[in-house]
Structures are given as C-alpha cells and as structure tokens.
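Here is how the chains run, residue by residue.
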Amino acid sequence: MNITVDEAKCCGAGQCVLVAPDVFDQRDEDGIVVLLDATPEAGLHAAVRDAATICPAAAIQVHE
Amino acid sequence: MSAARQRIAVIGASAAGLAAAEGLRRLGWDGVITLVGDEPHPPYDRPPLSKQVLSGAWPPERTTLRDPGRLAALGLDLRLGTRAVAYDPALRHVTLDDGERTVLECAGVVAATGVRARTLPGTEGVEGVHVLRTLRDALALRRRLAEPGRRLAVVGSGVLGAEVAAAARGLGHRVALVGAQDTPMERVLGREVGALLAEVHRAHGVTLYPGRTVTAIAADGGRARGVELADGTFVEADDVLVAIGSEPAVDWLRGPAAPDLSDGLGCDRYCAAAPGLYGAGDVARWYHPGLGRHIRIEHRMNAGEQGLAAARNLLAELDGERFGERRPFEPVPYFWSDQYDLKLHAYGVLAGAVRTEVLRLGEDPLRLAALYGGPDRVTGVLGIGLTPRQARSLRPLAAGPGTWEEAVARLGETVAA
Ligand SMILES: Cc1cc2nc3c(=O)[nH]c(=O)nc-3n(C[C@H](O)[C@H](O)[C@H](O)COP(=O)(O)OP(=O)(O)OC[C@H]3O[C@@H](n4cnc5c(N)ncnc54)[C@H](O)[C@@H]3O)c2cc1C
Ligand code: SF4
C-alpha cells in the first residue's frame, strides 16, 4: 500500500486522524493533513482505506 | 442465491453512493455492483461548488472524487446519465429510465439519491434565477459571476446562502443576503453566534435583510431584475440565488409497498429501510441510537461514513456468515463551513439546541468554542477560529455521556490544553 495526500483539497476535517492516528496527523496552523507513514504495515490497511473513503474532501489516495 | 441475484445496485452516484460501492468491493462483494447516477458526470464533490468552483479557484474537474483509473479499478457496472424511476421492494427490482426501462434484479439496493434544491414557484425558466446543488448549477452561476460588477441577491441565509454571499463578495460583486432568520445560519448556530456571523458579513460589505421573506422575484422579459420582500422592500439584482433548502430525492421509491418516505427514506439503526434496501447520505433518515431519535444529516462527512456503513450492513444481511453481524450506525456528525477566512467546525448536532454556552477566547470575537444542547446534555460543539487540534479536542464533549454542567466546566480546559 502506498498513500498520497492532496494538501490543496484537504479541508482540515481531521477525520483521517481519528480513524488512523498512526498514519495521519494535521498541521497545527491550518489543520492540513500530514502523512506520517506513506507505506503503513498491513495491520493498518483497513483503517487507512476507511479514512480514504470517509475523508470529506477526497484528499487521500490509496494505491495498492 | 440464484445467479441473477448476484447484483447490488447503488442508486445515486455521488459521495454516499461512491462510498457504498467502494465499501462493497473492499469488504469482498464479488458480484456485480451497478452504480446508477442521473447526472452525466462521474462522481464529484459538492462542497467545493460554493467555495473553490464559484470563486474560480478550481477548474470543475478538480471536484472529481476518484480519478478514472481508480474508478475503473472498482469494476463497476456504471450507468451515468441514467435515472432510477421505480423500486419494487418485494422483488428487489429497480427500474431504470435508460430509453428501454431496464429492470435490474438485485440482491440488495443502497439508496443514495441525496436531495434536490427547493425552488420558488413561478421562477422556472427565468434567466438569472439560480439554485446551487449540481456542478451544472455551479458553472451557470460561475459564468455570471465571472463578469465583474454584478448585483447578486441571495435568498436564504443558511449555510449555502452564507457561503455564496462570501464567495461573491470575494469576487467584488454587490451582494444582498435575504433570510427569514434573524441572523445567518441561525437554525444551526443559534442567535448569539449567528449575530457574530452577521457582523462578519456586514464588515465584508454584504447588505443583510434579516427576518424578511421574499414574496416574488421580479423579472423583465424573462430575466430577473430583483426580489420583492414582504415588507415592501425591493432589492435590485442581476442574479438571484435561491438557497431555501432541499427535498429528499425519493420519488423513485414511491409505490404501494413503499417504505416510510416522510422527510427522506426512513431507516432503522442499521440504515435499513426494508429487507435488502439500505439508505445512505442526505436522503436517509435513520434511527441514531445515541440520540434516541431519527435524524437526517446533510453533511459531506456523513455521506461517506453512512455509505460505508450501509454497504457493510447490507452485506451482513445478505450473508452473515461471510460478512459478520450488522452494526448500528451511530456516528458523531461533523461539518465545516468556509466563509471569508473563517473556518467553522462542528461536531454532533447543533440544530434545535435549547441552550448554548459560548466561550470567547481572547480579544477576537471570532475565536470561540461553543456548546449546544440541553436541558441536561450537550449534543453538539462548535469551534470558530480554533486550531484544528483544539477543534478536534472538543469532539468528546459532544459525544460524551457527561451532563451539561460538566461539559461547561470542561470547555475552558479543553481548548486551553
Ligand atoms: C454547494 C454545496 C456546498 C456544500 N458544502 C458543504 C460543506 O462545506 N460541508 C459539509 O459538510 N457539507 C456540505 N455540503 C453537503 C454535502 O455536499 C452533501 O451532504 C453530500 O453531497 C451528500 O452526498 P449524497 O451522496 O448523499 O447526495 P448527493 O451529493 O446529493 O448525490 C445524490 C446523487 O444522486 C443522483 N440522483 C438523484 N435521484 C436519482 C435517481 N432517481 N436515479 C439516479 N440518480 C439519482 C443525484 O443527481 C446526485 O448525483 C454542500 C452541499 C452543496 C450543494
Ligand atoms: S480527513 Fe481528509 S480533509 Fe480531513 S484532515 Fe484528513 S485528509 Fe484532510
């Protein structure tokens, strides 16, 4: 799994951080998503896929 | 299950429908997934329509939810420009208006048809009268606002009206915001925070007409020239945006054995409206166990979450052994809104609150955290001008079991932390 994020789309909702805190964080100033781990271990894949589906700005792309 | 039954149809090809289709595939459904959408475009996102698309910051393609490759990888039977016109709950048949009235035999159906913009009667075909729900609507309004120096009257001061007023001011147009409420977004934010928002709009040069209803849109030769208000005021305008709410798109579900369609598709705690029929997104009114009542949410975040939940529960109903048990859908709703450089974040349910507690954070009146709910519990929290971390730290106050007094006591320390 390889993850990319589109910072310009992100609306700072932080839902990805709630769902997969080991993979996503947010910048303090503006809340834009910070990718902590672009190639997370298998145990995190389900949470990452959930995060990509529910991200309200469709800012998370998962390549498998 | 017979071979012909190995199909799940998802009706509505937008945020909730796409999330459902994606969820079905991801959870292991290897049968057919037919995704039906009456708009010609592949799934796209609506929140940017009143923000980046209207302002011209984004080309329309940017709103596409999944690039063609990723959409193709889902292996969908994608039917765009096609409307579902009937549903037979006993047979689980969906009828499509595709020139041949194709009937789809389904094992299950996810209804994700969203809502439609409400219009003012008698304004059909009047040039310069707009609604804003679809990409097509947004581009039509955008074309008008691309010319400088227009006068825009926005009818309706809810979230959509307030956002469009802000975007149009950003483009330098003269903007009037007419609303039956006394302050913008009052139904959601309440009067106190609404009054702050009214000040922001005034400071940016929007002319507010609060507490006023529109009696007619005046037109000359089929072209809008302004709006008439009940108190006799006439607001001149080149364009009028009607943003007075929406109606759930449930026509295709009507029929003798139809499920409850009062205010959207009535669903239970699992998002099920009938055996084999699940609802998701703006169209679905479901029983939220935590709130102890039915609720219908028109927020982008909920569309994705509920699409996924409906997919999961439909699969569990069809084949529990393989897909496990159904789970109640019990989210903490979330929404955001952008106006000027303000960002509003809200968790939980704000609308209908009987009490609010607004905590101002320093000098700037637009840095605040607020609790909504009552009489004894908090149902929602709002943050304006907070860092995202602060806003997110408020979430447990909306979701937690504590009393109103406990939440008020914790509010200060939560944002200070
Ligand atoms: C301009 C605008 C700005 C917004 N901004 C925000 C925001 O800032 N924050 C936020 O949280 N939310 C926002 N929202 C709300 C958010 O966009 C919605 O909650 C979300 O789009 C709901 O998704 P949905 O898939 O349930 O419904 P929809 O997006 O409405 O999609 C339903 C789809 O089904 C199609 N359809 C309808 N009937 C049929 C039929 N019979 N057959 C086939 N297809 C059919 C429709 O044409 C549509 O394509 C905004 C909405 C708009 C319009
Ligand atoms: S959920 Fe999406 S919009 Fe929200 S912070 Fe994460 S990437 Fe950004």
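Residues numbered from 1 in each chain as written. Chains lettered and ligands numbered in written order. Predicted model: local features only at pLDDT ≥ 70, side-chain atom pairs only at ≥ 80, totals over all residues. Heavy atoms only, no water.

The name an unreviewed UniProt entry gives chain B is Ferredoxin reductase, with Streptomyces cyaneogriseus subsp. noncyanogenus as the organism. In its Cofactor (unreviewed entry) section, the UniProt record describing chain B reads: "FAD". (UniProt positions renumbered as here; feature names shortened; annotations may be inferred.)

If you look chain A up in an unreviewed UniProt entry, it shows as Ferredoxin from Streptomyces cyaneogriseus subsp. noncyanogenus. What UniProt records for chain A under Cofactor (unreviewed entry) is the sentence "[3Fe-4S] cluster". UniProt, in its Function (unreviewed entry) section for chain A, records the words "Ferredoxins are iron-sulfur proteins that transfer electrons in a wide variety of metabolic reactions."

K.L.:
Which parts of the structure should I look at to understand the overall build of chain A?
P.N.:
Helix and strand content of chain A: 2 helices and 4 strands. For chain A, the N- to C-terminal ordering of α and β elements is β-α-β-β-α-β. What you see for chain A is a C-alpha radius of gyration of 10 Å, in line with the 11 Å of a compact globule of 64 residues. Residue burial in chain A is summarised as follows: out of 64 residues, 53% are buried. Of the contacts formed within chain A by residues at least 6 apart in sequence, a portion of 55% connects residues at least 24 apart. Surface exposure of chain A reaches about 2600 Å², of which carbon and sulfur atoms provide 49%. (Helix = DSSP H or I, 4+ residues; strand = E, 2+ residues; numbered from the N terminus. Rg over C-alpha atoms; globule rule 2.2 N^0.38 Å. Buried < 20%, exposed > 50% of the residue type's maximum accessible area, 1.4 Å probe, protein only. Contact = heavy atoms within 4.5 Å. Areas by Shrake-Rupley, 256 points an atom, 1.4 Å probe, with all protein chains shown as cover.)

K.L.:
How do you make sense of the confidence of the model for chain B when you look at a structure like this?
P.N.:
Parts of the prediction with low pLDDT should not have their coordinates interpreted in detail. Residues and elements named next belong to chain B. On average, chain B scores 94 in pLDDT, and the residues at 70 or more come to 99%. Predicted confidence for residues 1-5 stays below pLDDT 50, and this span has 7 contacts to residues more than four positions away or in other chains. Scoring of the predicted complex yields 0.95 for pTM and 0.90 for ipTM. (pLDDT = per-residue confidence, 0-100.)

K.L.:
Which parts of the structure should I look at to understand the packing of aromatic side chains?
P.N.:
The way to describe two aromatic rings as a pair is by their centre distance and the angle between their planes. Residue and element names in this part refer to chain B. Inspection of every chain in the model, using the stated rule, returns 4 aromatic pairs over all chains. Note on Tyr87 and Trp252: the rings are 6.3 Å apart at their centroids and 70° apart in plane angle, and the pair reads as edge-to-face. Of the two residues, Tyr87 sits in strand 4 (residues 83-88) while Trp252 sits in the loop between strand 17 (246-248) and strand 18 (265-267), which places them 165 residues apart along the sequence. For the pair Tyr87 and Trp252, a shared accessibility class is recorded, and that class is buried. With 5.1 Å between their ring centres and 50° between their planes, Tyr334 and Tyr347 make a pair best called tilted. (Phe/Tyr/Trp six-rings, centres within 6.5 Å; stacked < 30°, edge-to-face > 60°.)

K.L.:
What's the story with the site of ligand 1 in this structure? I'm lost.
P.N.:
All names here are of chain B. Asp38, Glu39, Arg46, Lys51 and Asp282 are the nearest of the 35 residues found near ligand 1. Residue Asp38 places a side-chain N or O atom 2.4 Å away from an oxygen atom belonging to ligand 1. For ligand 1, the accessible surface in isolation is 1000 Å², of which the surrounding protein chains cover 94%. Of the residues contributing to the shell around ligand 1, the split by class is 15 nonpolar, 9 polar and 11 charged. Mapped onto the domain boundaries, the shell around ligand 1 takes at least three residues apiece from domain 1 (3-116 + 247-323) and domain 2 (119-244). (Near = heavy atom within 4 Å. Polar contact = N/O pair within 3.5 Å; in protein donor to acceptor, adjacent residues only side chain to side chain. Nonpolar A, V, L, I, M, F, W, Y, C, P; charged D, E, K, R; others polar. Domains from an automatic or database assignment.)

K.L.:
Explain the sheet that holds strand 4 of chain B here, please?
P.N.:
Within a sheet, adjacent strands bond to each other through the backbone by hydrogen bonds, running parallel or antiparallel. Residue and element names in this part refer to chain B. In space, the 3 strands of this open sheet follow the order 4-5-6, with antiparallel pairing throughout. With one partner strand each, in any of the chains shown, strand 4 and strand 6 (103-105) form the two edges of the open sheet. Taken pair by pair, the neighbouring strands of this sheet meet at an average axis angle of 25°, ignoring direction. Bridging between strand 5 (residues 93-97) and strand 6 involves 3 bridges; their strand directions are antiparallel. In the strand pairing of strand 6, Val94 is matched with Leu104. (Pairing = 2+ DSSP bridges. Axes fitted to C-alpha atoms, helices over the stretch in contact; angles between N-to-C directions.)

K.L.:
Just to check I follow, could you spell out the UniProt feature "domain: Reductase C-terminal" (unreviewed entry) in chain B for this structure?
P.N.:
UniProt marks residues 334-398 of chain B with the feature "domain: Reductase C-terminal" (unreviewed entry), using the numbering shown here. Between the end C-alpha atoms of residues 334-398 of chain B the distance is 10 Å, and the span holds 15% helix and 49% strand.

K.L.:
Is there a simple way to think about the domain arrangement of chain B in this case?
P.N.:
By a widespread convention, an interface's size corresponds to the accessible area lost as its parts come together. Residue and element names in this part refer to chain B. For chain B, the assigned domains read domain 1 (3-116 + 247-323), domain 2 (119-244) and domain 3 (341-416). With 10 residues of domain 2 at the contact, the number on the domain 3 side is 14 residues. Approximately 890 Å² of surface area, both sides summed, lies buried where domain 2 meets domain 3, with 73% of it carried by carbon and sulfur atoms. By the criterion of area lost to domain 3, the three top residues of domain 2 are Glu192, Val193 and Leu196, representing 48% of everything that side buries. Along the contact surface separating domain 2 from domain 3 lie 1 salt bridge. One salt bridge in this structure joins Arg360 and Glu192, with 3.5 Å as the shortest N-O distance. Taken together, the residues of the side of domain 2 that touches domain 3 sort by class into 7 nonpolar, 1 polar and 2 charged. (Buried area = accessible area lost by both parts, 1.4 Å probe. Salt bridge = Lys/Arg side-chain N within 4 Å of Asp/Glu carboxyl O.)

K.L.:
In this structure, what is going on with helix 11 (residues 404-416) of chain B? I would like to understand it.
P.N.:
For an α-helix, 3.6 residues make a turn, and residues three or four places apart therefore share a direction. Residue and element names in this part refer to chain B. Over its 13 residues, helix 11 extends 19 Å from the first C-alpha to the last, a length consistent with the 18 Å expected when each residue adds 1.5 Å. By the largest-angle criterion, Arg410 marks the main kink of helix 11, which is about 35°. Among the residues of helix 11, those classed as buried are Trp404, Ala407, Leu411, Thr414 and Val415. Tucked into the core, helix 11 has its buried residues touching strand 25 (355-360), strand 26 (368-373), strand 27 (378-384), helix 9 (388-393) and helix 10 (395-399). (Expected span 1.5 Å × (residues − 1). Bend = angle between axes of the 7 residues up to and from the residue.)

K.L.:
How should I be thinking about the nonpolar core in this particular structure?
P.N.:
Side chains of nonpolar character tend, in soluble globular proteins, to be buried together. B:Val94, B:Val109 and B:Leu253 are the most contacted members of the largest nonpolar core, which has 58 residues in total. Here this core gets 7 residues from one element, more than from any other, and that element is helix 7 (residues 300-318) of chain B. Here B:Val94 is in contact with B:Ile11, B:Ala84, B:Ala86, B:Tyr87, B:Thr102, B:Val103, B:Leu104, B:Cys106 and B:Val109, once residues within four sequence places are set aside. Of all hydrophobic cores here, the second largest spans 40 residues; its members include A:Cys16, A:Val33, A:Ala57 and B:Val415. (Core = buried A, V, L, I, M, F, W, Y, C linked by side-chain atoms within 4.5 Å.)

K.L.:
Just checking my understanding: could you explain the environment of B:Gly232 for this structure?
P.N.:
Residues and elements named next belong to chain B. Relative to the helices and strands, Gly232 resides in the loop between strand 14 (223-229) and strand 15 (234-236). Judged by its relative accessible area of 61%, Gly232 is exposed. Gly232 sits 33 residues away from Glu199 along the chain, and the two C-alpha atoms are 24 Å apart.

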